[in-house]
Amino acid sequence: MPPVPPSASRQDYLLLLLLAAAWGSSFFLIKIAVAAIPPMTVAAGRIAIGAAVLLALLRARGAGLPRRPQAWLKLTTMGAIGIVGPFALIGWGETRIDSGLAAILIALVPFATILLAHLFVPEEPLSAGKLAGLALGFFGVVLLIGPSALRGLGGDLLGQLAIVAAALGYAVTAIIARRPPHLAPEVAAAGMLTAATVVAVPAAALIDRPWTLAPGAVPLAAVGILGLVSTAGGYILFFRIIARAGAGFASFNNYLVPPMGVFWGAVLLGERVEPRALLALALILAGLAAPRLWPGRAHRPAGS
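Definitions and cut-offs
Residues numbered from 1 in each chain as written. Predicted model: local features only at pLDDT ≥ 70, side-chain atom pairs only at ≥ 80, totals over all residues. Heavy atoms only, no water. Helix = DSSP H or I, 4+ residues; strand = E, 2+ residues; numbered from the N terminus. Buried < 20%, exposed > 50% of the residue type's maximum accessible area, 1.4 Å probe, protein only. Contact = heavy atoms within 4.5 Å. Areas by Shrake-Rupley, 256 points an atom, 1.4 Å probe, with all protein chains shown as cover. Salt bridge = Lys/Arg side-chain N within 4 Å of Asp/Glu carboxyl O. Phe/Tyr/Trp six-rings, centres within 6.5 Å; stacked < 30°, edge-to-face > 60°. Expected span 1.5 Å × (residues − 1). Core = buried A, V, L, I, M, F, W, Y, C linked by side-chain atoms within 4.5 Å. pLDDT = per-residue confidence, 0-100.

### What to know about the overall build of the protein chain
And then number 1: Within the protein chain one finds 13 helices and zero strands.
And then number 2: In the protein chain, the succession of α and β elements from N to C terminus is α-α-α-α-α-α-α-α-α-α-α-α-α.
And then number 3: Classification of the 304 residues of the protein chain by burial places 48% in the buried group.
And then number 4: Counted over contacts in the protein chain with a minimum sequence separation of 6, partners at least 24 positions apart contribute 91%.
And then number 5: When the accessible surface of the protein chain is summed, it comes to about 14300 Å², and 70% of that surface belongs to carbon and sulfur atoms.

Right, here's the structure in full:
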């Protein structure tokens, strides 16, 4: 019989909200940064800053990166398919499709993560509560972005497939993080960002020639905050949530990120909050609560 699946506590829900706040803030920060800095350089900058911050944190604690080749294979794989790949795919995809449709397609991350967890992580089988939570959360995201965004489905297929591929990259990374060798959240985040930096910085140098740019202080500050808060802080929280409550639970942050983006836009940019945003948030919160209120586990075939 498989081990009992991890159960999310109140602290886990708080960590999930903090993660969504950190990643939700990236919407307006990226909007500020890309006004003067090319997207690939913004991505490379935030990844490199995040890696530097976490390496300094490990050094201050007297810790270091793992030395085992098995651990580095895991970290490099996660850095490639969970950071560099999705950042590039989303950036390219949004040049071909509307951002609203992209946000809805990214909301496929929980579906993919929970399905993959059911198949590959014995501690995280499907349950009726998870399925109900997925449905409520997805409808909440669609309501928040606007059902009209779905009209773009079937238009630019390559752009849509790029976003879906990015979602799958995030999902696979969450599953890999649950597999041995198990690492402390700070070590996993620092190692993954270090590996991603090795890929992203040369790519940005080749594509954008960032030394020829002359951005102002505000875009540079936006990249710095992206690196410190959304990247370094966000990935520490991400790995901590996975270790405590599982990959499926951590993936629900993809439902919370859009309303957090709306919140930050209202607070910091003075954008108007539509009434439907509040209803969407209620649906998303109901989706988060569903697995806890309806924890029954689905049947696993014998031998799985």
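Don't stop here, the text continues.
### So, the pattern of salt bridges
And then number 1: On inspection of all chains with the given rule, the structure shows four salt bridges.
And then number 2: Between arginine 244 and aspartate 12 there is a salt bridge, with the nearest N and O atoms lying 2.5 Å from each other. Note that arginine 244 is positioned in helix H10 (residues 217-245) and aspartate 12 in helix H1 (residues 10-24), a separation of 232 residues in sequence.
And then number 3: With relative accessibility at 34%, the residue arginine 244 sits in the partly exposed group.
And then number 4: Relative accessible area serves as the criterion here: at 2%, aspartate 12 is assigned to the buried category.
And then number 5: Where glutamate 186 meets arginine 61, a salt bridge forms, and the shortest distance between an N and an O atom there is 3.4 Å. With glutamate 186 in helix H9 (residues 185-208) and arginine 61 in the loop between helix H3 (39-60) and helix H4 (69-93), this residue pair connects regions lying 125 residues apart in the sequence.

### Comments concerning the packing of aromatic side chains
And then number 1: Following the criterion strictly, the structure yields seven aromatic pairs and no others.
And then number 2: Centroid distance tryptophan 23 to phenylalanine 238: 5.7 Å. Interplanar angle 40°. Geometry classified as tilted. In this pair, tryptophan 23 is assigned in helix H1 and phenylalanine 238 in helix H10, connecting sequence segments 215 residues apart. Just as tryptophan 23 is buried, phenylalanine 238 falls in that class too.
And then number 3: Pairing phenylalanine 111 with phenylalanine 138 gives two aromatic rings, centres 5.5 Å apart and planes at 85°, and the pair type is edge-to-face. Note that phenylalanine 111 is positioned in helix H6 (residues 109-120) and phenylalanine 138 in helix H7 (residues 128-145), a separation of 27 residues in sequence.
And then number 4: Residue class for phenylalanine 111 comes out partly exposed when judged on its relative accessible area of 32%.
And then number 5: Joined through ring pairs, the aromatic side chains of Trp23, Tyr235, Phe238 and Phe239 make up one cluster.

### Points about H7
And then number 1: Over its 18 residues, H7 extends 26 Å from the first C-alpha to the last, a length consistent with the 26 Å expected when each residue adds 1.5 Å.
And then number 2: Within two residues after H7, glycine 146 carries a phi angle of roughly 115°, on the positive side.

### Quick notes on the nonpolar core
And then number 1: Ile83, Ile106, Tyr235, Phe238, Phe239 and Tyr255 are the most contacted members of the largest nonpolar core, which totals 73 residues.
And then number 2: In contact with phenylalanine 238, not counting residues within four places along its chain, are Leu19, Trp23, Ala174 and Ala250.
And then number 3: With eight residues, the next largest nonpolar core counts Phe28, Leu29, Ile37 and Ala222 among its residues.

### Observations regarding the environment of glutamine 70
And then number 1: Structurally, glutamine 70 can be placed in helix H4.
And then number 2: For the pair glutamine 70 and proline 180, spaced 110 residues apart in sequence, the C-alpha separation works out to 8.9 Å.
And then number 3: Leave out the neighbours within four places in its chain, and glutamine 70 touches Pro180 and Pro181.

### Description of the confidence of the model for the protein chain
And then number 1: Overall, the prediction assigns the protein chain a mean pLDDT of 83, with 90% of residues at 70 or greater.
And then number 2: When the criterion is pLDDT under 50, residues 1-5 qualifies, and its contacts beyond four places in sequence or with other chains add up to 12 contacts.
And then number 3: Scored below 50 in pLDDT, residues 298-304 makes nine contacts in the model with residues more than four places away or belonging to other chains.

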